[in-house]
Amino acid sequence: MISDEDLMLSYVAGDIKAFETLYLKHKGPLYRYFRRQCKEQDKTEELFQDVWHKIIKAKNSYQRSAKFTTWIYHIAHNLLIDEYRKSSSVFQDNNEPTELASNIIDNLERIEIIEQLKLCLNNLSSVQLESFILKQDAGFDLIEISNIVNCDKETIKSRIRYAYSKLKICLNNKFGTAVYE
Amino acid sequence: MSKLNNQQIDKLYKLYKLSATEIPPKEIDLAIICNAKEALRKNDFKYYYKWRFPISVAASITLVSTLYILNNSTYQNDIELNSAPQLYKQRSPIMEAPLAKEKQIESSIVQQEKKYSQDIDSPKLELNQKFQPLKTRSTGPLKFDPIIFKKIDELIVQGKKDEARKRLTNLVTQYPDIKVQLEKRYPKLFESR
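To start, this report covers the structure provided alongside it.

Conventions and cut-offs
Residues numbered from 1 in each chain as written. Chains lettered and ligands numbered in written order. Predicted model: local features only at pLDDT ≥ 70, side-chain atom pairs only at ≥ 80, totals over all residues. Heavy atoms only, no water. Helix = DSSP H or I, 4+ residues; strand = E, 2+ residues; numbered from the N terminus. Buried < 20%, exposed > 50% of the residue type's maximum accessible area, 1.4 Å probe, protein only. Contact = heavy atoms within 4.5 Å. Areas by Shrake-Rupley, 256 points an atom, 1.4 Å probe, with all protein chains shown as cover. Buried area = accessible area lost by both parts, 1.4 Å probe. Salt bridge = Lys/Arg side-chain N within 4 Å of Asp/Glu carboxyl O. Polar contact = N/O pair within 3.5 Å; in protein donor to acceptor, adjacent residues only side chain to side chain. Disulfide = S-S within 2.5 Å.

To continue, consider the overall build of chain A. For chain A, the count of helices and strands is eight helices and zero strands. Going residue by residue from the N terminus, the α and β elements of chain A occur as α-α-α-α-α-α-α-α. Counting all 181 residues of chain A, 50% fall into the buried class. Of the contacts made within chain A by residues no fewer than 6 positions apart, 66% connect residues no fewer than 24 positions apart. Counting every atom, chain A has about 8,900 Å² of accessible surface; 49% of that belongs to carbon and sulfur.

Now the structure itself:
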């Protein structure tokens, strides 16, 4: 299997198929990275496109020594920070659990749990959410996340642990311990 | 904060994976891929733009080299003539003295020749003047078109001797210089005249 770095270098050499493969591989996690952290759908799409445009624009300066995924999420992180500075509405630092629309919790179905999980994710702080998404969706390890968000490894570890705990509490509040059994 | 065990984390992770289904709209996919294609096309142009001067210089050098190689022999002769040291090319005053005399003689010869050629060329043809071939001077035996003789020969063969004689007389009056030549060719016609 061709690595992301090789695909990127192929694209720089003029192979558009390599870029398509790279895009298909990373579009989902990257889109969700913004989707989870932005309130507005339009802003999510705008930031998502911005990342790819930056990648395309900076393709000639790309070096193999830099890991592709680290590079794109670093760009994404910076864009998100910039956006946060412009408008505070991007992040949701609301620690109050959001109410699930459905009142029927006796008949638990998976779809409801998933929907509730999404709502619980919104209750995480911005830094916890970012670390959680980078770990769970993009598949980075702690060191890689610390490189992306410019933080030390232990802080990231702590953020993820708190994120898990908060999610557990949020889900337990809604469905009890049944979710984990 | 309640602590989670690995099993609970796994369960949460699986739940999250199930929830992670959002993908960008197809329009965005298309826009990004089009942008990537466009960037490659621009890059090609930039590549040419960057190398346009070296490429032009290289092409010019190649062209000049090819022309030089093809015409090498011509250049070689020229170089041999011009490559002699300047001292060898210059003439000393001693060398110049006989040369001046030589030049004087040469110029007088050239003048004489010019005069002679002017004398020869003096009777020049003017427009609308009837051409009278070589009446003023003779430069040797005339050469006629064989058709003229052929016609006379045919008339003789056909037995039209009077007509042949008439033509012959015309020819002699027109070109008196060739009378001897014609007498040799047609002695009978001249005798009977």
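On to the interface of chain A and chain B, then. Contact with chain A, which involves 43 residues of that partner, is made by 31 residues of chain B. With both chains or domains summed, chain A and chain B bury close to 3,500 Å², and 69% of this area falls on carbon and sulfur atoms. Our enumeration of links across chain A and chain B arrives at three salt bridges. Among the salt bridges present, the one from B:Glu22 reaches A:Lys118, with a minimum N-O distance of 3.7 Å. One can count nine residue pairs in polar contact (both at pLDDT 80 or more) joining chain A with chain B.

Glancing now at the state of the cysteines. Residues and elements named next belong to chain A. Enumeration according to the criterion identifies one disulfide over all chains in this entry. Between the sulfur atoms of cysteine 120 and its disulfide mate cysteine 170 the distance is 1.9 Å. On the sign convention where negative is left-handed, the bridge of cysteine 120 and cysteine 170, at about -75° about the S-S bond, is left-handed. You can see cysteine 120 sitting in helix H5 (residues 110-122) and its partner cysteine 170 sitting in helix H8 (residues 153-175), a full 50 residues away along the chain.

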